[in-house]
Amino acid sequence: MITTTHIKKLLSTCMQCGTCTASCPNAFAMDMPPRKLWRLVLMDRTEDIFNSTTFSLCSTCYYCTLRCPRGLPLTLAMSLLKEQAFKAKTPGYKNGTAFYGSFMESVRRHGRVRETEFMTLYFMAMKNPLLPVEFTGIGLKLIKKQKVAIELPSGPDGSNLDRLFKKVKEIEERP
Amino acid sequence: MNDKQGNALVVGAGIAGIRSALDLAETGHHVTLIDASTYMGGILSRLDYQFPSDGCGMCRMLPLVERDQSAQFCLRRGLFHENIEVMLSTTLESLEGDPGNYTAHLNRKVQIIDPEKCNGCGACAEVCPVEIPDGFNLNRGRQKVAHLPLPHALPNTYTIDMNACTRCGACVPVCPVDAITIPEDPRKDFRILVVDDELIVRDSMKEWFEFEGYAVDMAESGATALEMIPENSYSLMFLDIKMGQMDGTEVLKRAKEICPELKVIMMTAYATVETAVETLTRGALEYIVKPFEPDMVLTKVDTLYQDTKPPVTTPVTLETGTVIFTCGTDFYEPSTGKNTYGHGVYPDVVTAQEFERIISGTGPTGGQLLRPSNGKPPERIAWIQCVGSRTLQDGGAPWCSSICCMHALKEASLVHKKFPQTIETVIYYMDMRCFGKTFEDYKATAIADHQIILKRARPHSVRWDDALGKLRIFLADMFTDKTDEVFDMVVLSVGVRPVKDMSALCAMGDIPLNDWGFPNVSFPGKPGQGVFAGGSFSGPMDIHDTLIHASSASLRALTLLHNNAFPGEDSPEIKSVSYRDVSMEIPATALVLCHCATDDNETTVREMAASFNVLPHVSHCIVAKNLCTREGWEDLVSKILPLKVNRVVVGSCLPHLFLKKIKELSAQMHLHPHYFDVVDIFQTPLATARSRVGMALTGIRHRTPDTTLPVRVEKTALVIGAGIAGMTAALALADNDVHVVVVEKAQKPGGNLLWLHKNITGTDFSLLAKKTIEALNAHPRIELITGASLADTFGHAGHFVSTIESETQEVKIVEHGVTLVATGGNEAVSTAMGHGQHPSIMTLKELEQSLGDNPAAMDGVDCMVMIQCVDCRDENKPYCSRVCCTSALKHALLMKKEHPDMFIYVLYRDMMTPGFTEPFFNQAREAGIVFIQYTLDRKPEVRVEADGVTVRIFEPIIHETIEIAPQRLVLSTGVVSSKPRSIAEIAGADVDAYGFFQPADDKFRPVDSIKEGLFACGMALGPRSVADSMASAETAAMRALRILNKTNLKAATITAGVKTTLCSLCELCIKACPYGARSLNSERMVVEVDPVMCQGCGTCAAICPASASFLNGFKDRQMLDIIDAAF
C-alpha cells in the first residue's frame, strides 16, 4: 500500500517559503517544483505525488536541507518518496526503478558498478529498442575519454555481494 | 552617597527606562536611572525617524503637569528631571534584600574625562592619534579614541575608550578645562615570568613584553623560577619544557602547587609536542611551538591581560525600594551561523539597524544614501524579512520579532521620501505583520504613495555578481518558481534576541524566564515581587507596546513603594523654595558675558558688553571668564549675589551647560528661574550673537510674574467600563489609595471575559474573571455602579464633575480628578461568507460560546474551515483586529487535540501571530492543521446549500482551486469598538477614524488623550489581547497617578490667558485649543483657560482676531520688541 503519511509528519512545519525550490539545482528539469511536491504531501494528494517525477530527479545535493528555515529533512523526504515509489513500482517511477535496479544489480554481481553492464541491464529492463540510441553520444564521449571500459555483462564473480544484499533484504523485511 | 539616593532603581536608560523613570519621578519618587552605555536613549538614539509620523516624537513623553520640573527640550538629547539621577557607564552587579528594601551594588566605570568639567570643545579628539570603528554608527565609519559617544547628546561630553587608548597623553595638555586624567597603565601590574635556559629566548621575550608595558622577570632554570614564584605575584609564566636540570613538566607541577591560579603557557620545540599536549592535562593553559612570531605571543598575552585586567570601575552602593529592568533587547547577528546572506562578506548587505545609521544625518555618510561598496547611490534596495526570527534552524528563534515588518516599511518609505524617487524598494516577506491599529493604513500608504513593492517570498541567499558589481538574491516567488533578482543593496531585518546578561539579571530579581529566554511577565502581577521587567526587555515589542509595558512595570513598582510607605513628595518647588516678588520692581538686568581664557575673544566680548551697558534696563554688565569651569562659575556667583538685580541674562557658549547651574543660582538669589536666560554668543557670527543678546534682554524685560494658582486635586478616579481593563485599572488605582468609581453599562462586571474560557497559553479566564470581580467588590475604595452610564462631564485635570445615570439608582454626581475610558470592544457582526445562512457557519465568539455550553458541540464534525480577516483589513474595517489569528489558532489546536482525525483548514491573508504567539502557529502546523493563504482579489467563496456548506479557495502553491465541504465554518470577523463615540465625546476624548479612542500620540503617549486628565485602556484603544489590555490598564492607572498623587497641581510658567475686555467671545480659541484647556464660562460670559491643561503651545494667541488671547512669556508687545531688538 502506497502511503506518504510518515513523510507528511516530517514536513508538518513547512511554511511554503520556497527555499527548497529556489535552491534546487535540478528544479529546471522537474515537472513540479519541490515546494509544490511538499504541499501535495501535506494535503495527502498521493496520486499527484507519484504521477510526478520530481523526487526521482533529486540528486541528493542537500542544498534544500541545509537552507530550509524550518530545518526540515527534505533530502530524506525525497529518498523516502523514491523508496515508496520503488516498492510500489509506480508507473511514473518505472524509469527510476529500472535505473537504480540495474545499478544495484551490477554492484551485487561485482562489488562495484560496471558501466557498460549497468547500462545494458537498464536498456533491457526498459524494453525500448530506441533507448540505447539516445545514450550513444554520451557513451562514445565517455569511452573516448577512457571513463568507461567496454565489458560484456557477466555473471557474479568472486567479489559478489550476495550475502550483503540478502542480509539487507532480510533487515528490510523485518516487521 | 548624595541626598538624591533612589527610592527606585531603573536599569537601562532606553525609551522604556526613561518612561519608567519619568513615571516614578512624576509621582514624586527619587529615581536612579543607570545604563551600561556611555549615552542615554538605547535603540532609539540610533533611530532618527519613527513611524507612523516618520519623524521623532520622543519629547511627547516629557511631563505635562508640573512641566517646569523637567527641562523641556529634545528628549533624545538628554533627560533632566529634578527627581531623576542619571548614571551612565554603570552596571548592576548584584542585588540584596527584599521587596521594598534592596541594596544594589553598582559598578560605575571610571571616567577618564570628567563629565562635570568637559565642555565638549573637542580639542582632545582633534589631537588624538588613534582611530577606532565608530561604535555608535554600528562600526560604519571611524572615530577617534577620544570621541563623543552620542552625536546629539546634551550636554555633550567626550569620552575615551580605554580599551584602545595608547595613553600617549596628547589630549591632556590641550584640554582647556583640565578635565582629562589618564590613569597609570595597569599593564605594569601584569607580571610575566619567562623561564628558559636559552638566553636569546629570554631576552627577546623580555624585550617584546616590556615594549608593550608589561613587567617581566626571567629565570634561567626551573629551580630559580620556583624560588621566584612565591616572592612575586605573577600573572603569567612562559615555561620551556626541555631544560637542563629540571624539565618543564616538573616545574609546572611544583609551580601549580605553590600558586594554583598561576597561568602557564608551555614553550616547546617540535620534538616535544606530545609532552606539551600532556602538560595541558596538568594545568597548563596552552603551548606554543618554537620558533614563534612576536605578534602571535603578544596577542595571546593581550587576551589573557584583557580577561584578568582589574576593572576600571568604582563600586557604588544604593539603597532602593524597588528595581525595574528596562534593559531593552539585542539583535540577531547575521554573520554568525550559515550566513547565506553574506553579511560582513559583501559590504552592501547591511542590517536594518545599520541602514538606519546610513540614512541618518549623523551617520557615516552624513545622511547621504550611498552603497558602502563603491560610494555610489543605489538604484534598487531589497529588504529581507525574518532574518533570525521565526526560524527553527541555527539555534532556533521560533518567535516573531514583531517590529521588523513596520521597521522595513518605514525605512523603505523614508528612502522614497528623502532620496531620489527613482530608487526602487522591494520588501520580501512571508507574512506582513501590520497588527497595530494604524499599521495597515501605514502599509497602504507605503504601497500607494511611496511605491514600495511587497513580494511574498523568502530569498535563501545573496551572492555578489562580479560582472555587474551588484548583489544577486535567489528565491522562489509565487509566480515564477525559481528566480533571482539584482539589487544594489540588501537590508536584513534581523530579529531580536534576549539581552546578553538576561539570565543573570532575572536571577537577581527572581523573575522567571519563559521557554525562549525572555522574562515571563504575568498579568495580573504576582504578589511579593520587588523587581519588575518592562519594555522590550520582556519580549519583542515596538515603541507603543514598550512604553505600555514600561509604565505597567512602573505602576507595579509604585504600588510596592506605596505599600512600603515611601510617600511620593510634592515637587520641591512648591514645598520649599520661595521666590521674591519682583512684579512691582523696575526691571534691572545683570548681563553676564563670558569669554575663554585660551582664546583671544576678550576684546570682542568687552566691546559687546559696553554696547549693551547703555540700555536703561541693564543695570550691571559683568564680563566673566570661563563660566564653564567650576572656578569661573563660583566667581560669577560671588559677584552677582550682592547685586540688586531682578533679571539675569548670560551670554556664553554651550547654553545647555547652565541648566542646572541656573536653577541653583535662582534658588540662591530667591529669584524665579523664569527671570533667567542663557544665550549662545560663540557658535554664531558676531552680528547674530549681538542680536541674540539684544533679544534676550528685551524678552526678559517684559517677563511678568507667574500668577497662576495651584489647583487642588480630587483624589478620586472615574472608570467607565468594568471589563478586564476597567477592573484592572480600578484595582491598581485603589491599591494606591485612590477612591474609584466604576461605571458599567451592563448588569454585572466582566465584559468580554464572561464568555471567554481560556487563552492560547491556557490561562483560565473564568478564574481570572471570578478573582478580579471578587477583588473589585471587596475593595473598600471601589464603588461599582452597574446598569449605568456617563451622562455628562465637565472640569479639568485634577477636578472633573460628572453625572452618572442609572436605570435603578437615582442620578449621581461624582467629583473626580481623572477619567479612564475602558469601554472595550466587541466582535463585529457580519453577513459575509454566508454567516447567518446556515447553522454550521459561526463566528469565533459563537464557536467559543457553543463549546462552553455543550461539550458535544463538535460531534460529527470531521472537517472544519476557518476563514481569517472576514470584513477586516479591507474597506469595511481597514485595520487588523490583532486577536483573531491567535484565537483561531487556539480553537484549531484545541480541536485537533480532542479530535486528532479532524481536518482543519485555516484560510488566512497574513497570520498575525507576533511575539510568542508565533510558536503556536508552528505548533498548529505540527499538529497537521493546513494553512492556505489567500489574497483580497481571490477571496474564498462560500456556497450554502440545503445539504451543507462548500468553500472554494485558490491554493497558490498547488496553483489550483480546491473545494472543501466542512461541517463547521468559523469566521474571524474582527473587533469593533463598543460604540464609545458618545461616551468618549461626553468625556471629551477624540475618536479616531475606526471608532476607537484617539491617543495623544500613537507611540509616545499611547493611553493619554490630548486632553490632560483623560485616559483610555483596553480595547477602547484598539483591538488587543486580555494580557495587553491589562498592561494598558496598568499604564492608564500609572498615568492617572501622576495627577492623583499630588495634593495640588501647579501650572507651568508659560501658559495662556485672556484679556476679557478685548475678547469678543467668538470662541475661535476654544475650538483651536488642541488640549481642551479653554472653555466658555456661561455665567460670567468669559473665556477661561485651565492653566493645568494648557501646554503653552500658543495656538490660541495666534488665532485670536482681537489679540485678547495671549501666552505668558510671548505677549504681543514683548514679541514685537524682541523682533525690533533683533535688528
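Residues numbered from 1 in each chain as written. Chains lettered and ligands numbered in written order. Predicted model: local features only at pLDDT ≥ 70, side-chain atom pairs only at ≥ 80, totals over all residues.

### Let's talk about the overall build of chain B
- Of regular secondary structure, chain B possesses 28 helices and 55 strands.
- By the compact-globule yardstick of 32 Å for 1127 residues, chain B fits well, its C-alpha radius of gyration being 34 Å.
- The C-alpha extent of chain B, read off along each of the three principal axes, is 100 × 90 × 60 Å.
- Taking all 1127 residues of chain B together, the buried fraction comes to 49%.
- Across chain B, contacts joining residues at least 24 apart in sequence account for 70% of those joining residues at least 6 apart. (Helix = DSSP H or I, 4+ residues; strand = E, 2+ residues; numbered from the N terminus. Rg over C-alpha atoms; globule rule 2.2 N^0.38 Å. Buried ≥ 20, exposed ≤ 12 C-beta atoms within 10 Å, placed from the backbone. Contact = placed C-beta atoms within 7 Å.)

### Let's talk about helix 10 (residues 162–173) of chain A
- The terminal C-alpha atoms of helix 10 of chain A lie 16 Å apart, and with twelve residues this matches the ideal 16 Å at 1.5 Å per residue to within 8%.
- Helix 10 of chain A sits mainly on the outside: zero of its twelve residues count as buried. (Expected span 1.5 Å × (residues − 1).)

### Examining the pairing of strand 10 (residues 191–195) of chain B
Residue and element names in this part refer to chain B.
- Of all five residues that make up strand 10, four are buried, and the element is covered over most of its length.
- Two elements, strand 10 and strand 11 (residues 215–219), share five bridges in a ladder whose sense is parallel. Residue pairing for strand 11: Leu193 is matched across the bridge by Asp217.
- Taken together, the four bridges between strand 10 and strand 12 (residues 236–240) define a ladder with parallel strand orientation. (Pairing = 2+ DSSP bridges.)

### Things to note about the sheet that holds strand 27 (residues 531–533) of chain B
Residue and element names in this part refer to chain B.
- Ordered in space as 3-2-1-16-27, the five strands form an open sheet in which the pairing is parallel. Edge positions in the sheet fall to strand 3 (84–87) and strand 27, since each of these pairs with one other strand and no more. Taking the axes of each pair of neighbouring strands and ignoring which way they run, one obtains an average angle of 20° across the sheet.
- In this fold helix 1 (residues 15–26) packs onto strand 1 (8–11), strand 2 (31–34), strand 3 and strand 16 (322–325), with an angle of close to 170° to the strand it touches most, strand 2.
- Running at roughly 175° to strand 16, helix 13 (residues 543–563) makes contact with strand 1, strand 16 and strand 27 of the sheet. (Axes fitted to C-alpha atoms, helices over the stretch in contact; angles between N-to-C directions.)

### Points about the packing of helix 18 (residues 686–701) of chain B against helix 28 (residues 1116–1126) of chain B
Residue and element names in this part refer to chain B.
- Viewed as axis vectors pointing N to C, helix 18 and helix 28 meet at an angle of 155°, and their least axial separation amounts to 8 Å. As far as their axial angle goes, helix 28 and helix 18 are roughly antiparallel. Our pair here, helix 18 against helix 28, has a crossing hand that is right-handed. Between helix 18, through Ser691, Gly694, Met695, Thr698 and Gly699, and helix 28, the contact on the second element is made entirely by Gln1118, Asp1121, Ile1122, Ala1125 and Ala1126. (Parallel < 35°, antiparallel > 145°, perpendicular 65-115°, else oblique. Left-handed = near helix turned anticlockwise from the far one by under 90°.)

### Focus: the confidence of the model for chain B
Residues and elements named next belong to chain B.
- Looking at chain B, pLDDT values average 88 and 96% of them are 70 or higher.
- Note that pLDDT drops below 50 for residues 1–5; the model gives that stretch five contacts with residues more than four away or on any other chain.
- Low confidence marks residues 570–575, where pLDDT is under 50. Its contacts with residues over four positions away, or in another chain, come to 13 contacts.
- Listed scores for the predicted complex are pTM 0.86 and ipTM 0.86. (pLDDT = per-residue confidence, 0-100.)

### Comments concerning the pairing of strand 5 (residues 101–109) of chain B
Residue and element names in this part refer to chain B.
- As paired elements, strand 4 (residues 90–98) and strand 5 share eight bridges and run antiparallel to each other. Following the sheet pairing, Asp98 is matched in strand 5 by Asn101.
- Taking the residues that link successive antiparallel strands as the turn, the strand 4-strand 5 hairpin has two residues, and the phi of Gly100 there is positive, at about 95°.
- Pairing geometry for strand 5 and strand 15 (residues 313–320), over eight bridges, is antiparallel. Within strand 15, the position partnered with Lys109 by the bridge is Thr313.

### Comments concerning the sheet that holds strand 22 (residues 461–465) of chain B
Residue and element names in this part refer to chain B.
- The three strands lie next to each other as 22-23-24, forming an open sheet whose pairing is antiparallel. Edge strands, defined here as strands with exactly one partner in the open sheet, are strand 22 and strand 24 (483–487). Strand-to-strand twist of the sheet, defined as the mean angle between neighbouring strand axes without regard to direction, takes the value 30°.
- Note that strand 22 and strand 23 (residues 470–475) share five bridges and pair antiparallel. Across the sheet, residue Asp465 finds its bridge partner in strand 23, namely Lys470.

### Re the nonpolar core
Residues and elements named next belong to chain B.
- Core analysis: the largest hydrophobic core is formed by 285 residues, its most contacted members being Val490, Ala729, Leu820 and Cys1017.
- Broken down by element, this core gets its largest block of residues, eleven residues, from helix 25 (residues 1026–1044).
- Not counting chain neighbours up to four residues away, the residues in contact with Cys1017 comprise Ala725, Ala729, Leu820, Ala822, Val1007, Ser1029, Ser1032, Ala1033, Thr1035 and Ala1036. (Core = buried A, V, L, I, M, F, W, Y, C linked by C-beta atoms within 7 Å.)

### Structural notes on the confidence of the model for chain A
- Mean pLDDT over chain A works out to 88, with 96% of the residues at or above the 70 mark.
- At the level of individual helices and strands, chain A shows its lowest average pLDDT in helix 7 (residues 94–110) of chain A, which scores 87, and its highest in helix 3 (residues 34–42) of chain A, which scores 94.

### Points about the interface of chain B and chain A
- Listed per partner, the contact involves 20 residues of chain B and 22 residues of chain A.
- Among the elements of the structure, strand 23 and helix 23 (918–926) of chain B are those that each provide at least two residues to the side of chain B that touches chain A.
- Among the elements that line the side of chain B that touches chain A, the one with the most residues is helix 23 of chain B, at three residues.
- A breakdown of the residues in the side of chain B that touches chain A according to their chemical character gives nine nonpolar, six polar and five charged. (Nonpolar A, V, L, I, M, F, W, Y, C, P; charged D, E, K, R; others polar.)

### Focus: unusual backbone geometry
Residues and elements named next belong to chain B.
- A cis amide bond links Lys290 to the next residue, Pro291, at an omega of -5°.
- Summarising the element assignment, Pro291 is placed in the loop between strand 14 (286–289) and helix 8 (294–308).
- Here Asp871, not a glycine, exhibits a phi torsion of approximately 60°, which is positive.
- Within the element layout of this structure, Asp871 appears in the loop between strand 42 (863–867) and helix 22 (884–898).

### Notes on the environment of Pro459 of chain B
All names here are of chain B.
- Relative to the helices and strands, Pro459 resides in the loop between strand 21 (453–456) and strand 22.
- You can call Pro459 buried: it has 28 C-beta atoms within 10 Å.
- Measuring from C-alpha to C-alpha, the distance between Pro459 and Asn520 comes to 33 Å, with 61 residues separating the pair along the chain.
- Setting aside residues up to four positions removed in sequence, Pro459 forms contacts with Ile384, Tyr428, Ile473, Phe474 and Leu475.

### Thoughts on the environment of Gly222 of chain B
- Tracing the backbone through its elements, the reader meets Gly222 of chain B in helix 5 (residues 222–231).
- Ignoring anything within four residues of it in the chain, the contact list for Gly222 of chain B reads Val195, Met243, Gln245, Met246, Glu250 and Val251 of chain B.

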